[in-house]
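Structure at a glance
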Amino acid sequence: MDLRIPTTADEVTSSTKEAASWLDAHWQEWVAGGIRIVFIVVLALVLRAMVRKLITQLIARMTKPAEGEAAEPGRLGGLLANTGVVNPERRQQRSEAIGSVLRSVASFTILGTAALMVLSALGVNLAPLLASAGVAGVAIGFGARNLVTDFLSGVFMIMEDQYGVGDEIDTGVATGTVLEVGLRVTKLRGANGEIWYIRNGEVKRIANMSQGWSTASVDVQVGYKEDLVRVEALILETAEALSKESPFDELIWAPFTVLGVESVAADSVVLRLEARTAPGKSALVGRALRQRLKVAFDLSGIKLKEEVVTAAGAAAAAAAVAPMLLVDAGPPSALADPTSPRSLAAAPIPAPARAADESGAGPVKTT
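Here the structure is a predicted model, which means the values were calculated and not measured.

Attention shifts here to the pairing of strand β2 (residues 175-181). A regular strand carries its side chains on alternate faces of the sheet. The pairing of strand β1 (residues 168-170) with β2 spans three bridges and is classified as antiparallel. Its bridge partner lying in β2, Glu168 is registered against Thr177. Where β1 hands over to β2, the hairpin turn is made up of four residues, of which Gly172 adopts a positive phi near 95°. Where β2 lies against strand β3 (residues 185-189), four bridges are found, and the strand directions are antiparallel. Residue pairing for β3: Glu180 is matched across the bridge by Lys187.

A few words on the pattern of salt bridges. Considering all chains together, one arrives at 10 salt bridges under this definition. One salt bridge in this structure joins Arg272 and Glu262, with 3.7 Å as the shortest N-O distance. Residue Arg272 is found in strand β8 (residues 268-277), and its partner Glu262 is found in strand β7 (residues 257-264); the two are separated by 10 residues along the sequence. Accessibility expressed as a relative area gives 23% for Arg272, which makes it partly exposed.

With that settled, consider the packing of aromatic side chains. In total, this model carries zero aromatic pairs according to the counting rule given. Over the ring of Trp213 we find Arg276; its NZ or CZ atom is 3.8 Å from the centre of that ring.

Time to look at the sheet that holds strand β6 (residues 214-223). Across the sheet, which stays open at both edges, the three strands sit in the order β6-β8-β7 with antiparallel pairing between neighbours. Looking at the sheet topology across the chains shown, the edges are occupied by β6 and β7. Adjacent strand axes in the sheet meet at a mean angle of 25° when their direction is disregarded. Here β6 runs beside β8; their pairing, made up of 10 bridges, is antiparallel. In the strand pairing of β8, Asp219 is matched with Arg272. Seen against the sheet, helix α7 (residues 282-300) touches β6 and β8 and runs at an angle of roughly 25° to β6.

Let us look at the environment of Ile37. Looking at the element boundaries, Ile37 is found in helix α1 (residues 9-63). With 83 residues separating them along the chain, Ile37 and Ser120 place their C-alpha atoms 9.5 Å apart. Beyond its immediate stretch of four places on either side in the chain, Ile37 contacts Val118, Ala121 and Leu122.

With 26 residues, the main nonpolar core has Val220, Ile235, Phe256, Leu273, Leu289 and Phe297 as its most contacted residues. Counting residues per element, the ones that place at least two in this core are β6, α5 (228-243), α6 (248-251), β8 and α7. If near-sequence neighbours (up to four positions away) are discounted, Ile235 is found in contact with Val220, Val258, Leu271, Leu273, Leu293 and Phe297. By size, the runner-up hydrophobic cluster in this structure holds eight residues, among which are Met157, Ala174, Val178 and Ile198.

About the thresholds
- Residues numbered from 1 in each chain as written.
- Predicted model: local features only at pLDDT ≥ 70, side-chain atom pairs only at ≥ 80, totals over all residues.
- Heavy atoms only, no water.
- Pairing = 2+ DSSP bridges.
- Helix = DSSP H or I, 4+ residues; strand = E, 2+ residues; numbered from the N terminus.
- Salt bridge = Lys/Arg side-chain N within 4 Å of Asp/Glu carboxyl O.
- Buried < 20%, exposed > 50% of the residue type's maximum accessible area, 1.4 Å probe, protein only.
- Phe/Tyr/Trp six-rings, centres within 6.5 Å; stacked < 30°, edge-to-face > 60°.
- Lys NZ or Arg CZ within 6 Å of the ring centre and 35° of its normal.
- Axes fitted to C-alpha atoms, helices over the stretch in contact; angles between N-to-C directions.
- Contact = heavy atoms within 4.5 Å.
- Core = buried A, V, L, I, M, F, W, Y, C linked by side-chain atoms within 4.5 Å.

Pasting the structure below:
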């Protein structure tokens, strides 16, 4: 194409005729291309709106409560039902998170495909672009594989309701209360007030102490000589009184049961009892029961431990008494040995033997 500016009337006329012929030859393609682009954009927007509406309706059906108190959740509702207990608030939160993720993925897929189709309608060669995108995707995939792992793990954690905001969990690397659940990172508040940021892809196991119910396990130590039947009756009576007090009447979901003797020692016996409590309240219930059992044992005169005299204790007692016995003892006497010279010198003189004379007279005097 000659881009030189025409300077004469003939050149202007010739250039005008060429432009008119070029426009006459290509205007149909432009119109067709414009209509195609408009159609692609409108179709993409309509399809995006329909998909988002379907996702919203699907999430609404998943969170819709079952009709009747004893009704079982539907097939879709069962996907978001907690194991053992259905919590509408938790299901609502999870459904909103899942719906947001699905809508974002659907929008990205539909609008991305529409953008490529528009570029193709404009005559852009997509082969180099797709090849470059493929290479870039592989490079980003290797570099951001941890990010993809964290994202997918977060999605499955939300769908499976492994934990939620307010739950007390143990992830292996940290333990605390969940403050925020993200698709990449979970935020915990530790027991000492610290905040833990845990990548979802690094979590290999999760222990949730706030779902369903908890078990309060209490070990009670009593003296070896105590009547276990009497002790067991007193324990159950104290536990029953505790379960009727506020707020423990709502925290204890099943009565305490004595499982039996846990261990036996020379001076004590340990009994174990358990009860089902509200999630995360087992420690509170256990502390309250121990406090009341201590008061009940004091009033009933039940000993927690028998006093057993051991060999070491007897030796210590004897060692303490021995100095008291030796306080008034004098020095050892040399006369205590009967064979010593002083003992022989102090021995009494034996009496002389009396000899009778032949005539039977009196004793004979000797000088």
